[in-house]
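Observations on the model geometry
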Amino acid sequence: MKRVFKVTFRTIGIAFVFILTGWMGIAVYVNFHKEELLASITDQLNEDINGSLTVESMEPSLVKGFPAISVSLSKVLLRDSLFLKHGHNLLKAEKVHITLNAFSILRSTPRIRDIHIEDGTIYLFTDALGYSNTNIFVTKAVRDSSGKKSQPKLNHFFFDNIHFVYEDKKNKKKFDVEVKQMEGRFDYVDNGWRAFVDMNMLVRGMDFYNPNGPFLKSKHVSGILHAQYNSSKKILSVPSRKLDIEGNDISVGAKIFLAYQPIIFKLEFSASNIPYQEARTLLSTHIQEKLALVDVKKPLNVQVSVSGKDQKRNEPVVYARWQVKNNILEGHGNKITHCSFTGYFLNRVHAHLAVNDLNSVIALNDFSGTWSDIEFSADSLRVRNLISPVLSGRFRSSFNLEKLNPIISNNSFHLGKGLVSLNLKFKGGIRNNDTTQPFIIGDAILKDAEITYLPRQLLFKNTQAELNFRGSDLYMRNIKVQHGSNALSMDGSVQNLLNFFYTAPEKILLDWYVRSTQIDLNEYKNFLGARSKTTVVSAPASNRPSNSIGRLSAQLDAVLEQSGVQLRMNVKAIKYQKFSANDIEALVRLNQNGIDIQNASLQHAGGSVSMSGHLFQKGQINDFTMDASVEHVRVNDFFAAFGNFGQSTVTHQNIKGDFFLKANLSGAIRDNGQMIPHSINGIAFYELKNSALVEFAPIKNVGRYVFPRRNFSTIGIANLKGKLDIKGEIIRIYPVKISSDVINADVEGVYSFGKGTNINVDIPLRNPKNDKVILDEEAKAEKRNRGIVVHLNVADGADDKMNIRLVGKAIPQEGNQNNEGKRKRKNLLGL
């Protein structure tokens with residue numbers, strides 16, 4: 001047994017000595033024939049190129065390539081034949097180490113097996129016309145030294161500190177890489193080769209389309225890749241393997257179809273648990289800007305494919321996918337927590353259109369999350385047109401109404417208890433200054449809610465509502481609210497709400513139909529004054545609305561301030577102070593100028609009242625105008641309901657009968673609903689039927705002195721018609737004939753609530769008690785003024801009393817055209 005070992009070791013030793021002796025001999029040969037060897041290597045390389053290869057010097061590097069023979073080339077320069085035109089060296093290196101097949105040297109045909117390039121630049125360049133400096137190479141099959149098969153010359157390659165650039169001017173591509181270290185090995189098969197590459201490099205950028213910026217900009221990449229090339233199909237495949245890219249494990253794979261011009265390629269990247277911002281920076285600058293619309297705070301899973309060529313611009317199609325679970329999403333100041341979703345980015349939605357922002361989409365699927373403490377879900381969210389991004393999708397949520405307070409955070413509403421259910425399909429712009437017309441279809445249901453309208457300090461309880469969004473229009477149905485003792489049922493609509501919401505809120509008109517069995521207007525006095533300015537306590541920073549929501553809230557205030565409301569009212573009974581009415585029908589318009597009442601009609605005091613008017617809201621005192629028509633109304637109840645219209649001469653206690661009125665009036669009213677005394681101006685045509693004056697002091701005083709035997713406590717008046725001009729304190733009484741069962745009188749003049757009363761009263765002394773039996777009106781009129789007629793003048797007296805004088809003829813009124821001078825007054829009654 002020992003003998004066998006001795007023989008084996010001796011044989012191995014002899015073989016090693018033989019090989020070493022042969023190798024040393026070859027090394028000595030190389031050392032003494034390096035000039036010839038350099039020329040042979042240079043000629044070997046130059047014979048396969050359309051250009052020039054120059055080497056400044058060559059030195060043997062015997063140990064480096066053992067047992068093969070290695071040489072070091074200094075100052076290596078490789079140029080194509082058109083270098084002077086484009087100026088890019090294909091290769092420029094300080095050192096190139098070449099490992100040669102030892103036996104090929106003995107045959108004087110040195111074969112390069114390995115190559116190691118140090119401190120240099122490799123620049124592959126294609127000009128705008130399609131010419132490439134790689135045309136320098138002429139492919140040839142070279143018989144291996146073994147004689148078994150034809151194979152390429154290179155088996156191993158090494159790069160140290162090499163700047164590699166691939167630039168294609170024609171297709172606007174540029175790859176720029178700083179290779180710190182790279183080692184590769186080729187294995188040749190029947191139909192191509194396989195390669196294993198171990199690399200450590202800095203990718204300055206991979207531009208697939210220059211205007212959009214590079215992928216992998218300034219990223220450190222290290223790891224091992226496998227590749228294989230099918231020479232018959234001209235397909236280069238790189239199976240997916242993990243690389244270290246800026247400290248993240250990212251799987252990278254590729255497939256390149258070299259038979260096509262321009263080359264068709266597909267690159268694949270995937271990573272698990274990678275920060276969103278880092279994943280985003282792997283993509284082109286242009287895509288990074290689009291994905292910056294949102295930020296995902298926790299790591300996520302992502303896959304990206306980059307493929308080309310595009311049919312029109314050679315711009316690659318980018319398809320990025322992601323999976324997010326229990327994460328935080330932020331965008332445009334909005335923060336969504338506990339969100340989970342899948343999604344993708346694609347820059348070519350329609351295959352027949354070019355790759356660009358208009359043809360790009362960001363998609364989020366199976367979305368769920370919490371926004372400002374409101375849980376919601378969304379289906380098929382899409383952000384399209386990344387130049388002016390438009391968001392579309394269906395949103396669903398159910399939450400307590402009060403959770404909206406920190407969101408709206410405006411000066412209009414405070415929301416109490418209640419439940420909100422949303423099912424809305426939305427489409428609209430997402431930028432703060434976006435003018436894209438929004439579009440909403442869906443429903444919002446409100447149940448058992450409490451809402452306070454802050455500018456009027458109105459609390460609505462037990463509120464139920466159904467809001468139906470139909471495009472840019474809003475329909476409100478089955479709305480029920482309760483304020484105090486008032487229970488209202490309402491329906492409404494707003495046409496073009498979303499069209500005008502930001503651009504022209506003054507054009508928005510809420511068409512509102514209100515029904516109720518009874519309304520007490522005393523509980524809505526706040527509507528008479530201007531909207532109060534209410535300051536809302538800011539929400540905590542964690543719940544503070546985003547800029548976009550803050551803008552929405554502020555705009556909602558502006559809409560409520562500037563938009564109009566059209567109320568169609570159908571109310572069985574209504575009360576306001578001393579006024580009450582039934583069967584109210586009205587069209588009321590509320591806008592920034594005040595309140596318009598159109599075609600209002602009601603039943604009051606046994607008759608009917610119709611009116612139109614406008615209230616100008618200014619603050620504590622508000623002006624109004626009114627056209628009114630009154631028919632068959634009990635005049636005493638009518639005067640009482642309106643507070644005797646701010647005067648005390650003729651009150652509801654002094655008058656009764658059926659009242660008819662047509663009036664055009666203006667005046668002022670306080671914000672508490674009280675009429676401003678003596679503020680009314682206008683003209684009124686009145687008629688009293690079957691009326692009476694009861695305890696009317698001015699006539700009763702005259703009667704006491706002139707007709708002491710007649711009873712002036714109640715004066716029955718069959719019919720009284722006349723016209724009044726009202727100017728604040730002054731009421732001009734146009735000539736009117738008062739025919740009663742006690743006294744007849746012709747009245748004309750001016751009555752003043754202050755100073756300036758001047759009323760002429762012509763009273764026939766005959767007793768008209770029996771005139772009612774005269775049926776012939778002409779005969780009654782002829783008999784009316786028979787006998788003595790007393791001319792009285794009622795004017796201002798001392799101590800705010802009226803001074804009644806007996807005069808020879810009526811004293812002219814202001815503006816009388818037949819004024820021949822003042823006539824002497826004679827105070828015959830001594831009053």
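Predicted model, so just to flag it, every value in this text is computed and none were measured.

Rules used in this analysis
- Residues numbered from 1 in each chain as written.
- Predicted model: local features only at pLDDT ≥ 70, side-chain atom pairs only at ≥ 80, totals over all residues.
- Heavy atoms only, no water.
- Helix = DSSP H or I, 4+ residues; strand = E, 2+ residues; numbered from the N terminus.
- Buried < 20%, exposed > 50% of the residue type's maximum accessible area, 1.4 Å probe, protein only.
- Contact = heavy atoms within 4.5 Å.
- Areas by Shrake-Rupley, 256 points an atom, 1.4 Å probe, with all protein chains shown as cover.
- Pairing = 2+ DSSP bridges.
- Salt bridge = Lys/Arg side-chain N within 4 Å of Asp/Glu carboxyl O.
- pLDDT = per-residue confidence, 0-100.
- Phe/Tyr/Trp six-rings, centres within 6.5 Å; stacked < 30°, edge-to-face > 60°.
- Lys NZ or Arg CZ within 6 Å of the ring centre and 35° of its normal.
- Polar contact = N/O pair within 3.5 Å; in protein donor to acceptor, adjacent residues only side chain to side chain.
- Patch = residues over 30% accessible without salt bridge, like charges linked within 9 Å, V, L, I, M, F, W, Y side chains within 5 Å.
- Lys, Arg positive; Asp, Glu negative; His and termini not counted.
- Charge placed at Lys NZ, Arg CZ, Asp CG, Glu CD.

Section: the overall build of the chain
When its secondary structure is counted, the chain shows 12 helices and 41 strands. Put simply, the chain has 831 residues, and 46% of those count as buried. Here the analysis covers contacts within the chain between residues at least 6 apart in sequence; of these, 54% occur between residues at least 24 apart. Surface accessibility of the chain: about 43,700 Å² in total, with carbon and sulfur atoms responsible for 54%.

A short note on the pairing of strand 10 (residues 219-230)
A one-sided burial pattern is seen for strand 10, the buried positions being Lys 219, Val 221, Gly 223, Leu 225, Ala 227 and Tyr 229 and the unburied ones His 220, Ser 222, Ile 224, His 226, Gln 228 and Asn 230. Judged from the 12 bridges that link them, strand 9 (residues 192-207) and strand 10 form a sheet pairing that is antiparallel. Residue Ala 195 lies in a different strand from strand 10, and its bridge partner there is Ala 227. As paired elements, strand 10 and strand 11 (residues 235-245) share five bridges and run antiparallel to each other.

A closer look at the pattern of salt bridges
In total, this model carries 14 salt bridges according to the counting rule given. Note that Asp 373 and Lys 403 form a salt bridge whose closest N and O atoms lie 3.9 Å from each other. In this pair, Asp 373 is assigned in the loop between strand 18 (361-371) and strand 19 (374-384) and Lys 403 in the loop between strand 20 (390-400) and helix 7 (405-408), connecting sequence segments 30 residues apart. Owing to a relative accessible area of 48%, Asp 373 belongs among the partly exposed residues under this scheme. Three or more residues joined by partner-sharing salt bridges are found here, namely Asp 295, Lys 297 and Glu 330.

Focus on unusual backbone geometry
Most peptide bonds adopt trans geometry, and most residues besides glycine take a negative phi value. Phi at Asp 119 is positive, roughly 50°, even though this residue is not glycine. Along the polypeptide, Asp 119 turns up in strand 4 (residues 112-126). Within the chain, His 632 stands out as a residue other than glycine whose phi angle is a positive 55°. By the element assignment, His 632 lies in strand 33 (residues 621-634).

Remarks on the environment of Leu 329
Residue placement: Leu 329 occurs in strand 16 (residues 317-331). Each C-alpha atom, one on Leu 329 and one on Val 296, is 4.7 Å from the other, the two residues being 33 residues apart in sequence. Setting aside its immediate chain neighbours within four residues, Leu 329 contacts Val 294, Asp 295, Val 296, Asn 334, Lys 335, Ile 336, Cys 339, Phe 341 and Phe 367.

Some points on the confidence of the model for the chain
Per-residue pLDDT for the chain averages 79, and the proportion of residues at 70 or more is 79%. Here strand 6 (residues 150-151) stands out as the element of the chain with the lowest mean pLDDT, 44, in contrast to strand 10, whose mean of 94 is the highest. Here residues 16-20 is modelled with pLDDT under 50, and outside its nearest four sequence neighbours on either side it reaches one contact, counting other chains as well. For residues 534-545, every residue scores under 50 in pLDDT, and the model assigns this stretch 16 contacts once sequence neighbours within four places are set aside.

Quick word on the packing of aromatic side chains
All told, the structure shown has 12 aromatic pairs when counted by the stated rule. Plain terms: the ring middles of Tyr 166 and Phe 175 are 5.5 Å apart, the flat faces sit at 45° to each other, and that makes the pair tilted. For Phe 175, a relative accessible area of 18% corresponds to the buried category. Through a chain of ring-to-ring contacts, the aromatic side chains of Phe 157, Phe 159, Phe 186, Tyr 188, Trp 193 and Tyr 229 assemble into a single cluster. Over the ring of Phe 83 we find Arg 79, and its NZ or CZ is 3.9 Å from the ring centre. Just above the ring of Tyr 734 sits the side chain of Arg 732; from NZ or CZ to the centre is 4.7 Å.

Quick notes on the environment of Ile 574
Within the element layout of this structure, Ile 574 appears in strand 29 (residues 564-576). Looking at Ile 574, the relative accessible area reads 8%, which means it is buried. If sequence neighbours within four positions are ignored, Ile 574 has contacts with Ile 519, Leu 521, Phe 579, Ser 580, Ala 581 and Ile 584.

Comments concerning the side chain of Ser 360
As for its placement among the helices and strands, Ser 360 is situated in the loop between strand 17 (334-346) and strand 18. Residue Ser 360 is classed as buried on the basis of its relative accessible area of 2%. Here the side chain of Ser 360 touches Asn 356 through a polar contact of 2.7 Å, landing on its backbone oxygen.

Notes on a negative patch on the surface
Together, Asp 244, Glu 246, Asp 249 and Glu 278 make up a negatively charged patch on the protein surface. If you trace the backbone, Asp 249 turns up in strand 12 (residues 248-257).

Focus: the side chain of Glu 167
Inspection of the secondary structure puts Glu 167 in strand 7 (residues 156-168). Exposure remark for Glu 167: the relative accessible area of 9% places this residue in the buried category. Among the polar contacts made by the side chain of Glu 167, one reaches the side chain of Tyr 123 at a distance of 2.4 Å. A distance of 3.3 Å separates polar atoms of two side chains, one belonging to Glu 167 and the other to Lys 169. Those residues within four positions of Glu 167 in sequence are excluded, and the remaining contacts are His 88, Tyr 123, Leu 124, Phe 125, Thr 126, Lys 173 and Lys 174.

Thoughts on the pairing of strand 11
Linking strand 10 back to strand 11 in an antiparallel pair, the connection comprises four residues, with Lys 234 at a positive phi of about 55°. Where strand 11 and strand 12 come together, nine bridges link them in antiparallel fashion. Bridge pairing in strand 12 links Arg 241 to Val 252. Hairpin geometry of strand 11 and strand 12 is characterised by an intervening segment of two residues between the two adjacent antiparallel strands and by a positive phi of about 55° at Glu 246.

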